Amino acid sequence: MDKAITNEDLSEIVGRELASADSWSNGDLADQQAEALDYYYGQPFGDEEEGFSSVVTRDTLKTIEGIMPSLMKIFASGDTFVEFEPTGAEDEKAAQQATDYLNYVFDKRCDGFNVLYTWFKDALLMKNGLVEVNWTQDELCDIENFVAIEEIEVDALVEDESLEIVNKEVNEEDPNLYDVTVRRDNYRGRPVVDNIPSSEFRIKARSKSIQDSDFVARVQDVSIGSLIDYGFNREDISEGHGSSLIKNQVEDSRFGDVDETADFGNNTMVEYVKAWVKAFDEEDEKMKLFEVHMVGNTVLEKEEVGTIPVINLSPIMMPHKFTGVSIADLVKDIQEIRSKMWRHTLDNLALSNAGRYAAVENQVNLQDLIDNRIGGIVREKVQGAVRQLPVPQLGQATFPFLNELEKEREDRAGVSRMTQGLDASALTSNTAATAVNQVMTAAQEKIQLIARIFAETGVKELFLQLYRLARTNSSEVDIVKLRGRYTPVAPYDWKDRYDMAVTVGLGNQNKDQQLMHLNNISTMLTGIGN
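Residues numbered from 1 in each chain as written. Predicted model: local features only at pLDDT ≥ 70, side-chain atom pairs only at ≥ 80, totals over all residues. Heavy atoms only, no water.

Moving on, we come to the overall build of the chain. Along the chain, the regular secondary structure elements total 13 helices and 15 strands. Within the chain, buried positions represent 38% of all 530 residues. Counted over contacts in the chain with a minimum sequence separation of 6, partners at least 24 positions apart contribute 72%. Summed over its atoms, the accessible surface of the chain is roughly 30,500 Å², and 49% of this surface lies on carbon and sulfur atoms. (Helix = DSSP H or I, 4+ residues; strand = E, 2+ residues; numbered from the N terminus. Buried < 20%, exposed > 50% of the residue type's maximum accessible area, 1.4 Å probe, protein only. Contact = heavy atoms within 4.5 Å. Areas by Shrake-Rupley, 256 points an atom, 1.4 Å probe, with all protein chains shown as cover.)

This part takes up the sheet that holds strand 10 (residues 310–313). Reading across the sheet, the 4 strands line up as 3-4-2-10 and stay open at both edges, with antiparallel pairing between neighbours. Each of the sheet's edge strands pairs with one partner strand only, and the pair in question is strand 3 (163–170) and strand 10. Across the sheet, the mean angle separating the axes of adjacent strands is 30° when strand polarity is ignored. Two strands pair when backbone bridges link them, and strand 2 (residues 129–149) and strand 4 (residues 178–196) are joined in this way by 18 bridges, in the antiparallel orientation. Of the residues in strand 4, the one forming a bridge with E139 is Y187. (Pairing = 2+ DSSP bridges. Axes fitted to C-alpha atoms, helices over the stretch in contact; angles between N-to-C directions.)

Moving on: the packing of aromatic side chains. Under the counting rule described, the total for this entry stands at 16 aromatic pairs. Arranged with centres 5.0 Å apart and planes meeting at 55°, the rings of F75 and F120 form a pair that is tilted. Taken together, the positions of F75 in helix 3 (residues 59–76) and F120 in helix 5 (residues 112–126) put the pair 45 residues apart, joining distant regions of the chain. Relative accessible area serves as the criterion here: at 0%, F120 is assigned to the buried category. Here the aromatic rings of Y467 and W494 are separated by 5.0 Å at their centres, their planes lie at 20°, and the arrangement is stacked. (Phe/Tyr/Trp six-rings, centres within 6.5 Å; stacked < 30°, edge-to-face > 60°.)

Another aspect to go through is the pattern of salt bridges. Pairs can form between side chains of opposite charge once their charged atoms are near each other. Throughout the structure, instances matching the rule amount to 31 salt bridges. Here K340 ties to D47 by a salt bridge, and the two come within 3.9 Å at their closest N and O atoms. You can see K340 sitting in helix 9 (residues 327–353) and its partner D47 sitting in the loop between helix 2 (28–41) and helix 3, a full 293 residues away along the chain. A relative accessible area of 31% places K340 in the partly exposed class. The class for D47 is partly exposed, based on a relative accessible area of 38%. Residue D107 pairs with K108 through a salt bridge whose shortest N-O separation is 3.8 Å. Under the relative-accessibility criterion, K108 is labelled exposed at 57%. One network of salt bridges, in which partners are shared, links D47, E48, E336, K340 and R343. (Salt bridge = Lys/Arg side-chain N within 4 Å of Asp/Glu carboxyl O.)

Bringing the pairing of strand 4 into the picture now. Judged from the 7 bridges that link them, strand 3 and strand 4 form a sheet pairing that is antiparallel. Bridge pairing in strand 4 links I165 to V182.

Together, V477, I479, Y486 and Y492 make up an exposed nonpolar region whose accessible area comes to about 450 Å². For V477, the position within the fold is in the loop between helix 12 (433–473) and strand 13 (478–482). Looking at V477, the relative accessible area reads 46%, which means it is partly exposed. (Patch = residues over 30% accessible without salt bridge, like charges linked within 9 Å, V, L, I, M, F, W, Y side chains within 5 Å.)

This part is about unusual backbone geometry. A positive phi angle is found at A148, which is not glycine, with a value near 55°. With respect to the secondary-structure elements, A148 resides in strand 2. Residue classification places A148 among the partly exposed residues on the basis of a relative accessible area of 35%.

Okay, empty space enclosed by the protein next. For the structure shown, the criterion picks out 1 cavity of 30 Å³ or more. Around the largest cavity, the lining residues are W24, S25, L29, Q33, M126, N128, L130, S198, F201, I203 and F322. Listed by contribution, the elements that provide at least two residues to the lining of the largest cavity are helix 1 (7–25), helix 2 and strand 5 (201–203). (1 Å grid on protein atoms, 1.4 Å probe; cavity = no way out; pocket = protein on both sides within 12 Å on 5 of 7 lines; lining within 4 Å. Points joined across faces, edges and corners; volume = space filled by probe spheres on them.)

Pasting the structure below:
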């Protein structure tokens, strides 16, 4: 006889898939992500020798931080992040309201700028940037005081189920009246967009995308008290399942060697797993997607859902593969080579200033030679008993090579000194304006491609999920200030919508150039009219 999927079935599936995903996520992928963080922070390579230069260049940081301003300007400098397209003439007003409302909600209530900043930087540095989109209920508490009210009014307050009597006292001036303090709890729903650290994310190793994957999970350090606050039963939560995230090499690179004191009771940290798993339901004879909440082997809650609320970004997508290529991957080898070249150059300069000497034994005061004081005297018994060993000058060979490496970095990532306004020679009167524009446009196209990938594969899906969450979970009219006026918005009355254009200000020219061309067109049309 066919049977429905039970908690035991899901616990077994999640445990098996999580063990497999852990071996991949905490293996080669975590090693690469930890290495990217080390390069970003400029950590030593591990081959340093005492007495020699150990400088580390910051090519990874410089490249990523050079891209971030352009991305944030493209996405966050305008009035809207996205724009919903109407399905017909009668839908224009509703589409405009959805556009205004969701851009307002994301910017003001979801801390949109910080979400995008963290999301984009994770993608540039860690191969994948991840966010989880959910709906939450905020508890709003109002305290009201009623002074000198009659008994019948007190009874009315007691009968109001939305109120809780906090304090009731006889009025000091009139013993027949009462002073009452009440508490009113209100709940307001809103969407939540949460950035997921790479160390918390798990996915089946050979997955092509999140939505196509049979298993996706988020593994977090959460206190037992927080789980109780989420609504789970304390009896279902075991204290014997401590978190293993502290062993993850990505977390070690991010936070360093940090010792944390052990917590007890409801402050004890446990490994909390939120997994999305596809399983075949024999009773209904079809595949189903379940959201499963677990601690250890215990399923705290399960629910059938329609989609996985996790969205991924990769700056350089790989066909048929979930994990893409990061910007850090493009420049890590250049950072290592440049660091070693700088070390050799600095060591060479140090030898030029304080080089090595040859001395005839018993003919030189070695202590005078070792002291090497500026203006100091070296006593020798015979002339020529001391000579400085020749030091080859590496500057003429290394500096041109360092510049070539810098150009290679710029070619790979599209971030150059010219596009950032740091190359003074590029803006001299001897440089043609068209040549400068061509170089800047070629470099900007790489960054614009990354922006377009982020827009189409991440930001678009994010706002579609925000739309569906607002439409299905909102139950009250929300009054917000849109286009300078307070406007009532009823998301529960919205139609189902799938068409959306991402407006991120992309193009071959910036706004100043576009305005200049529009002004030229206006002048030309005026001349034609005359």
